[in-house]
Amino acid sequence: YVVAVVDTGVRYEHPDLLPVAVEGRLLPGYDMTSDPARANDGDGRDADPSDPGDWVTQAEFSQRGGTFFHCTTSPANSSWHGTQLSGLIAALTNDGIGMAGVAPNVRVLPVRVLGKCGGYDSDIIAAMRWAAGLAVPGAPVNVNRAQVINLSLGGPGACSAAYHDAIAAITAAGSVIVAAAGNTAGHAVGVPGNCPGII
């Protein structure tokens with residue numbers, strides 16, 4: 001099975017994950033982050049889903065009119081969120097390193113959509129479609145179609161028509177989508193977790 005982790009990307013050198021080429025769990029994925037500043041890797045969409053970090057410095061946080069002005073609650077170190085999730089899902093077992101993933105025999109398809117201060121719905125939707133093996137303009141065909149697409153992300157608002165259409169096409173193609181419900185008690189489930197057809 002292939003599980004796509006649609007998130008901040010991944011650290012391919014992590015000793016408890018590693019590329020499949022060296023008997024690890026990580027497949028070649030894709031970077032769907034279209035905004036070079038947010039991507040923090042010097043370019044937009046490309047075939048490298050490596051996570052360069054999503055830190056926000058005090059200067060970026062405080063620069064009035066800047067791209068990252070108060071985009072978080074405070075300056076922050078990199079989250080390495082996509083790597084953490086990949087490990088929870090599929091960290092190598094019986095290697096004396098770290099922990100064991102809950103599904104240690106699956107392969108992880110990293111699809112990067114989040115960078116400094118989050119990401120865009122358009123990139124997330126493109127990543128979901130690509131992970132499911134559907135065509136995305138400007139991106140190569142994904143030859144490692146994911147049976148499960150993990151979205152441990154979300155934002156406020158209602159499910160848009162663009163998400164509805166993408167989810168319908170993805171589920172028709174045979175992929176299951178799992179999304180975060182949100183981490184704050186008493187608040188409504190965020191998008192895309194509130195969309196029909198998502199677990």
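Residues numbered from 1 in each chain as written. Predicted model: local features only at pLDDT ≥ 70, side-chain atom pairs only at ≥ 80, totals over all residues. Heavy atoms only, no water.

Enquirer: Can you help me understand the side chain of S86 in this one?
Expert: With respect to the secondary-structure elements, S86 resides in helix α3 (residues 81-90). The exposure class of S86 is buried, given its relative accessible area of 1%. A polar contact of 2.8 Å, which involves the side chain of S86, links it to the backbone oxygen of G82. Sequence-distant contacts of S86, that is, excluding residues within four places in its chain, are made with V5, V10, L17, L26, A91 and V108. (Helix = DSSP H or I, 4+ residues; strand = E, 2+ residues; numbered from the N terminus. Buried < 20%, exposed > 50% of the residue type's maximum accessible area, 1.4 Å probe, protein only. Polar contact = N/O pair within 3.5 Å; in protein donor to acceptor, adjacent residues only side chain to side chain. Contact = heavy atoms within 4.5 Å.)

Enquirer: Could you clarify how one ought to interpret unusual backbone geometry in this entry?
Expert: With omega at 10 degrees, the peptide bond leading from V191 into P192 counts as cis. Within the element layout of this structure, P192 appears in the segment after β5 (176-179). In this structure, N40 takes a positive phi of about 65 degrees despite not being glycine. Tracing the backbone through its elements, the reader meets N40 in the loop between α1 (36-39) and α2 (58-62).

Enquirer: Could you clarify how one ought to interpret the pattern of salt bridges in this entry?
Expert: Close approach of charged atoms lets side chains of opposite charge pair. All chains considered together, the criterion is met by five salt bridges. One salt bridge in this structure joins R11 and E13, with 2.5 Å as the shortest N-O distance. E60 is the partner of K116 in a salt bridge, and the nearest nitrogen-oxygen pair spans 3.0 Å. Here the residue K116 occupies a position in the loop between β3 (107-112) and α4 (121-131), and E60 occupies one in helix α2, the gap between them amounting to 56 residues. (Salt bridge = Lys/Arg side-chain N within 4 Å of Asp/Glu carboxyl O.)

Enquirer: For this particular structure, what's the right way to read the packing of aromatic side chains?
Expert: Working definition: an aromatic ring pair is given by the centre-to-centre distance plus the angle between the planes. Per the stated rule, a full pass over the model turns up one aromatic pair. With 5.5 Å between their ring centres and 35 degrees between their planes, Y30 and W130 make a pair best called tilted. Highlighted residues: Y30 in strand β2 (residues 30-31) and W130 in helix α4, separated in sequence by 100 residues. Pair check on accessibility: Y30 and W130 agree, each one buried. Across the ring face of W80, the terminal group of R11 is positioned such that the distance to the ring centre comes to 4.6 Å. Here K116 stacks its cationic end above the ring of F68, 5.3 Å away from the centre of that ring. (Phe/Tyr/Trp six-rings, centres within 6.5 Å; stacked < 30°, edge-to-face > 60°. Lys NZ or Arg CZ within 6 Å of the ring centre and 35° of its normal.)

Enquirer: Any chance you could explain the layout of surface pockets here in plain terms?
Expert: Vacant regions in the atomic arrangement are exposed by a probe of water-molecule size rolled over the atoms. Taken as a whole, the largest pocket encloses approximately 950 Å³ of empty space. Considering the residues around the largest pocket, the lining is formed by 36 residues, among which L114, S152, L153, G154 and G155 are closest to the centre. (1 Å grid on protein atoms, 1.4 Å probe; cavity = no way out; pocket = protein on both sides within 12 Å on 5 of 7 lines; lining within 4 Å. Points joined across faces, edges and corners; volume = space filled by probe spheres on them.)

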